[in-house]
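# Residue-level structural notes
Listed here are the chains, written in short residue letters.
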Amino acid sequence: MLIYLIGYMGSGKTTVGKKLAARLCYSFLDLDKKIENKYKITIPNLFTKYDEETFRKLEQETLHDTINLTNTVISTGGGTPCFYDNMELINKNGLSVYLKMHPKSLYERLIKSKKKRPLLANKSPEEIMEYIGKQVSERESFYLQSNLVIKGESMDISKLVESITNHMKQNL
């Protein structure tokens, strides 16, 4: 079984993914880290050296590589479900879980984050808040195609495991 965690950057996909994988005795894969290892370049450098379109193509190829895995929790990039046939591929090959958060909560997390986010580079705090709100609004239609929607601000890993288990039982 593959479990794909989706949601906007800063929603906690990697953190939740590691905890969820440990609880389920699954492997964990961070799609962005897989891209960095596969292509020997960091995501920020990929955006700088090439462009977002090139990144999205590499991201799609790497996502396709995941469908042959088993018992793995995969944290996707924030934009992964929104390009090409990615959301369809995710739902066809695994269970998708949307970690839904309010744009203001995302802003608070991202402003404090030590991780470089290429799409937020060179923006003022006001521009970042506006950008997050706009992007979440644009991406929500993709995110809401998920099998499960979980409120990210009050994430309870035990309840998430229970929801996933229940969903898997219902869809045997």
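Moving on, we come to the pairing of strand E4 (residues 95-100). Within E4, 5 of the 6 residues are buried, leaving the element largely enclosed by the surrounding structure. Sheet analysis places strand E1 (residues 2-6) next to E4, joined by 4 bridges and oriented parallel. Bridging across to E4, Leu5 finds its partner in Val97. In this structure, E4 lies alongside strand E5 (residues 148-151), joined through 4 bridges in parallel fashion. Its bridge partner being in E5, Leu99 is matched across the sheet by Ile150.

Pairing within the open sheet is parallel, and its 5 strands lie in the order E2-E3-E1-E4-E5. What marks the edges here is a single partner per strand, and that holds for strand E2 (27-30) and E5. Across the sheet, the axes of successive neighbouring strands diverge by a mean angle of 20 degrees, strand direction being ignored. Running at roughly 70 degrees to E2, helix H2 (residues 31-39) makes contact with E2 and strand E3 (72-75) of the sheet.

With that out of the way, let us pick up the packing of aromatic side chains. The full count for this structure, using the stated rule, is 2 aromatic pairs. Both rings, one in Tyr98 and one in Tyr143, keep their centres 4.9 Å apart while their planes meet at 40 degrees; by these two values the pair is tilted. Here Tyr143 lies in helix H7 (residues 125-143) and Tyr98 lies in strand E4, a separation of 45 residues in the sequence. Residue Tyr98 is classed as buried on the basis of its relative accessible area, which comes to 2%. Look at Tyr143 and you get buried, because its relative accessible area is 0%. Lying across the ring of Tyr131, Lys123 places its NZ or CZ 4.6 Å from the centre.

Looking now at H7. Along H7, the helix axis deviates most sharply at Ser137, where the bend reaches about 30 degrees. Listed in full, the buried residues belonging to H7 are Ile128, Tyr131, Ile132, Gln135, Val136, Arg139, Glu140 and Tyr143. Considering only its buried residues, H7 is in contact with E1, helix H4 (52-65), E4 and helix H6 (103-112).

One way to put it is that helix H1 (residues 13-24) packs onto helix H8 (residues 157-170) with a least axis distance of 10 Å and a crossing angle of 65 degrees. In the packing of H1 onto H8, the handedness of the crossing is right-handed. For the pair H1 and H8, contact is made by Val16, Lys19, Leu20, Arg23 and Leu24 and by Ile157, Ser158, Leu160, Val161 and Ile164, respectively. Counted by class, the contact of H1 with H8 contains 7 nonpolar, 1 polar and 2 charged residues.

The rules behind the values
- Residues numbered from 1 in each chain as written.
- Predicted model: local features only at pLDDT ≥ 70, side-chain atom pairs only at ≥ 80, totals over all residues.
- Heavy atoms only, no water.
- Buried < 20%, exposed > 50% of the residue type's maximum accessible area, 1.4 Å probe, protein only.
- Helix = DSSP H or I, 4+ residues; strand = E, 2+ residues; numbered from the N terminus.
- Pairing = 2+ DSSP bridges.
- Axes fitted to C-alpha atoms, helices over the stretch in contact; angles between N-to-C directions.
- Contact = heavy atoms within 4.5 Å.
- Phe/Tyr/Trp six-rings, centres within 6.5 Å; stacked < 30°, edge-to-face > 60°.
- Lys NZ or Arg CZ within 6 Å of the ring centre and 35° of its normal.
- Bend = angle between axes of the 7 residues up to and from the residue.
- Left-handed = near helix turned anticlockwise from the far one by under 90°.
- Nonpolar A, V, L, I, M, F, W, Y, C, P; charged D, E, K, R; others polar.

By themselves, these figures tell us nothing about what the structure is for.
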